[in-house]
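# Topology and contacts: notes
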Amino acid sequence: MARSALLNVMVQAALKAGKSLSRDFGEVQNLQVSLKGPGNYVSQADRKAEKIVREELLKARPTYGFLGEESEEIVGTDGAHRWIVDPLDGTTNFLHGIPLFGTSIALERSGEIVAGVIYNPATDDLFTAERGGGAFVNDRRLRVSGRKNLSDSVIGCGVPHLGGRQHGRFLVQLRHVMGEVAGIRRLGSPSLDLAYVAAGRFDGFWEEYLSPWDVAAGTLLIREAGGFVSDLSGGNDFIEGGSIVAGNEHIHKALVEVANRPIPKA
Ligand code: IPD
Ligand code: CA
Ligand code: CA
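For clarity, every value in this text was computed on a predicted model and none was experimentally measured.

It is worth spelling out the coordination of the calcium ion (ligand 3) at this point. Taken together, the protein donors to the calcium ion (ligand 3) comprise Glu69 (OE), Asp86 (OD) and Leu88 (O), at separations of 2.2 to 2.4 Å. Spacing between the donor residues of the calcium ion (ligand 3) along their common chain follows E-x16-D-x1-L. Separation of the calcium ion (ligand 3) from the calcium ion (ligand 2) amounts to 3.9 Å, with Asp86 serving as a shared donor to the pair. With a gap of 17 residues between them, Glu69 in the loop between strand 1 (65-68) and strand 2 (81-89) and Asp86 in strand 2 connect regions that are remote in the sequence. Classification of Asp86 as buried rests on a relative accessible area of 1%.

Rendered as structure tokens:
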């Protein structure tokens with residue numbers, strides 16, 4: 001599989017951040033048992049990873065903009081291009097020693113995502129996609145699952161947590177979806193959830209109250225793997241809009257319908 005120079009830059013940045021996160025993850029596992037816990041240590045690991053990615057990307061393309069979760073947005077002199085980065089997606093997992101986290105890097109060109117990389121250093125899964133060039137995990141081509149019915153499907157989701165929004169609204173969605181599907185999973189890392197849909201591991205996924213860096217790379221992976229992505233209402237505002245529904249043609253359509261069903265009468 002031939003990678004463009006730009007995708008290579010993104011892969012190198014993700015691998016370098018991954019090395020740093022891997023070292024820190026080892027330390028976090030030791031700190032689990034300490035009284036103070038690994039909280040501060042994890043915030044530092046997160047910021048360090050973003051610094052690594054930012055430096056690598058801006059070294060290669062100094063005029064591009066940079067939107068990362070952990071720092072002020074940099075508006076580039078090149079108005080068309082912007083990097084969108086979550087240096088550590090799955091922070092709660094990382095903090096608890098659960099190996100489901102990763103770095104997500106997307107490149108936006110004139111409002112469209114044209115390249116994406118998601119790397120989980122704990123499993124060494126490197127997901128890559130370029131617009132028109134397909135999606136891959138460690139150089140193996142990805143394809144969304146072929147299941148046609150929700151009743152055979154495993155669906156990923158995000159669950160609002162302490163301080164999170166709209167617990168009641170989520171419970172209504174969950175009530176409807178769980179009545180139709182074979183299983184529901186909550187990984188705790190939306191970028192990996194989307195990569196899992198692209199890889200056919202999950203048949204679908206939905207979550208609300210997300211940020212552009214959670215979904216930018218993953219949505220390209222899914223489209224390049226033959227899948228469908230929309231916001232919760234079935235529209236196209238899924239990068240900035242905060243909500244996302246993903247799956248193959250059949251499961252995506254069914255999931256949009258089921259997740260929007262009204263509150264059942266008592
Ligand atoms: C969060 C987590 C969480 C999801 C949130 C995300 P972070 O990202 O991935 O699972 O439900 O919506 O914002 O803080 O780990 O980068
Ligand atoms: Ca995130
Ligand atoms: Ca993050």
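That shown, we press on.
Looking now at helix 7 (residues 249-259). Since there are 3.6 residues in each turn of an α-helix, residues three or four apart along the chain are aligned in direction. Taken residue by residue, helix 7 has Ile251, His252, Leu255, Val256, Val258 and Ala259 as its buried positions. Buried residues in helix 7 make contact with strand 8 (154-157), helix 4 (167-178), strand 10 (204-207), strand 11 (228-230) and strand 12 (244-247). Capping the start of helix 7 is the job of one residue whose side-chain oxygen sits 2.9 Å from the backbone nitrogen of His250: Asn248.

Ligation of the calcium ion (ligand 2) by protein atoms is provided by Asp86 (OD), Asp89 (OD) and Asp214 (OD), these donors lying 2.1 to 2.3 Å from the ion. Read from N- to C-terminus, the donor residues coordinating the calcium ion (ligand 2) fall into the pattern D-x2-D-x124-D. Look at Asp89 and you get buried, because its relative accessible area is 4%. Of the residues examined, Asp214 reaches a relative accessible area of 10% and is grouped as buried.

Next up on the list: the domain arrangement of the protein. Frequently, the measure chosen for interface size is the accessible area that the parts lose on association. Split by domain assignment, the protein resolves into domain 1 (5-141) and domain 2 (150-259). Domain 1 and domain 2 are separated by 21 Å when their C-alpha centres are compared. Listed as interface residues are 33 residues of domain 1 and, on the opposing side, 22 residues of domain 2. Looking only at domain 1, the three residues that lose the most surface to domain 2 are Asp89, Ile118 and Phe127, adding up to 26% of its buried area. Viewed at the interface, domain 2 and domain 1 are joined by two salt bridges. Between Glu240 and Arg82 there is a salt bridge whose closest N-O contact spans 3.2 Å. Counting the contacts that link domain 1 with domain 2 gives seven residue pairs in polar contact (both at pLDDT 80 or more). Those elements giving two or more residues to the side of domain 1 that touches domain 2 turn out to be strand 1, strand 2, strand 3 (102-109), strand 4 (112-120), strand 5 (125-130) and strand 6 (134-137). With seven residues, the top contributor of residues to the side of domain 1 that touches domain 2 is strand 4.

Rules and cut-offs
- Residues numbered from 1 in each chain as written.
- Chains lettered and ligands numbered in written order.
- Predicted model: local features only at pLDDT ≥ 70, side-chain atom pairs only at ≥ 80, totals over all residues.
- Heavy atoms only, no water.
- Donors = N, O, S within 2.8 Å, 3.2 Å for Na, K, Ca; no water.
- Helix = DSSP H or I, 4+ residues; strand = E, 2+ residues; numbered from the N terminus.
- Buried < 20%, exposed > 50% of the residue type's maximum accessible area, 1.4 Å probe, protein only.
- Contact = heavy atoms within 4.5 Å.
- Polar contact = N/O pair within 3.5 Å; in protein donor to acceptor, adjacent residues only side chain to side chain.
- Domains from an automatic or database assignment.
- Buried area = accessible area lost by both parts, 1.4 Å probe.
- Salt bridge = Lys/Arg side-chain N within 4 Å of Asp/Glu carboxyl O.

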